[in-house]
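# Commentary on secondary and tertiary structure
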Amino acid sequence: MKRTAPDAHRLLGIYLNDHLTGAGAAIALLKRTARAHRDTDAGRRLATLAGEVAEDRDSLREIMMALDVPANDLRMLLGMAVAQAGRLKPNARLLSRSPLSDVLELEAVRLGVEGKKELWRTLHTLARSDPLLDVQAIGRLLARAERQADTLEVLRLAAVGRALRSAPRHAAAPRPRAGKRLKAGYA
């Protein structure tokens, strides 16, 4: 079934608003994680990323305006509430920040940046046939998202090292017997 232009425009509006909501949540998460690591190289890199993601969100808003797609404020508020609710999860600590928080937060932001890369790829494709979209500007946004994903992966791996690699094994933890090694993948 072929979609009509108004239906396609409505779907594009939903799509862009979903990404706008995700950007707001990612900015809040990046700022919080940067504050937790202020006065460190990771904290400075996270603060820089938060600024870049805010610029990317502003670019998305400009694109939405050019395409006559209104921002859904209710959806953005709901997204921020979900981001705040994510802070309630216990990470093996009740009163202090767990090193596992860094891993999970960086993974969440990295997933968001991967989604943003797909947004820019989608818009780049649409820009080839829509004069309202700037192919080169969207290409620059895509390249920046790729750099952001690389930076987040470096920071995530460092957080994994801090949180999980040096963890001593619990004495009561059963060890796999010879011939019963776990295979890669999910059980």
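Residues numbered from 1 in each chain as written. Predicted model: local features only at pLDDT ≥ 70, side-chain atom pairs only at ≥ 80, totals over all residues. Heavy atoms only, no water.

## Comments concerning the nonpolar core
Counting 37 residues, the largest nonpolar core has Leu16, Leu30, Leu46, Trp120, Leu123 and Leu152 as its most contacted members. Contributing elements (two or more residues each) for this core: α1 (5–36), α2 (41–66), α4 (99–127) and α5 (135–165). (Core = buried A, V, L, I, M, F, W, Y, C linked by side-chain atoms within 4.5 Å. Buried < 20%, exposed > 50% of the residue type's maximum accessible area, 1.4 Å probe, protein only. Helix = DSSP H or I, 4+ residues; strand = E, 2+ residues; numbered from the N terminus.)

## Some points on the side chain of Arg156
Looking at the secondary structure, you find Arg156 in helix α5. Side-chain polar atoms of Arg156 contact the side chain of Glu107, separated by 3.3 Å. Beyond its immediate sequence surroundings of up to four residues, Arg156 is in contact with Val103, Leu106 and Glu107. (Polar contact = N/O pair within 3.5 Å; in protein donor to acceptor, adjacent residues only side chain to side chain. Contact = heavy atoms within 4.5 Å.)

## Thoughts on the packing of α2 against α4
At their nearest, the axes of α2 and α4 sit 13 Å apart, and the two run at 30 degrees to each other. Considering the relative orientation of α2 and α4, their crossing is left-handed. Note on element contacts: α4 touches α2 through Leu106, Lys116, Leu119, Trp120 and Leu123, opposite Leu46, Val53, Asp56, Leu60 and Ile63. Broken down by class, the residue content of the contact of α2 with α4 amounts to 8 nonpolar, no polar and 2 charged. (Axes fitted to C-alpha atoms, helices over the stretch in contact; angles between N-to-C directions. Left-handed = near helix turned anticlockwise from the far one by under 90°. Nonpolar A, V, L, I, M, F, W, Y, C, P; charged D, E, K, R; others polar.)

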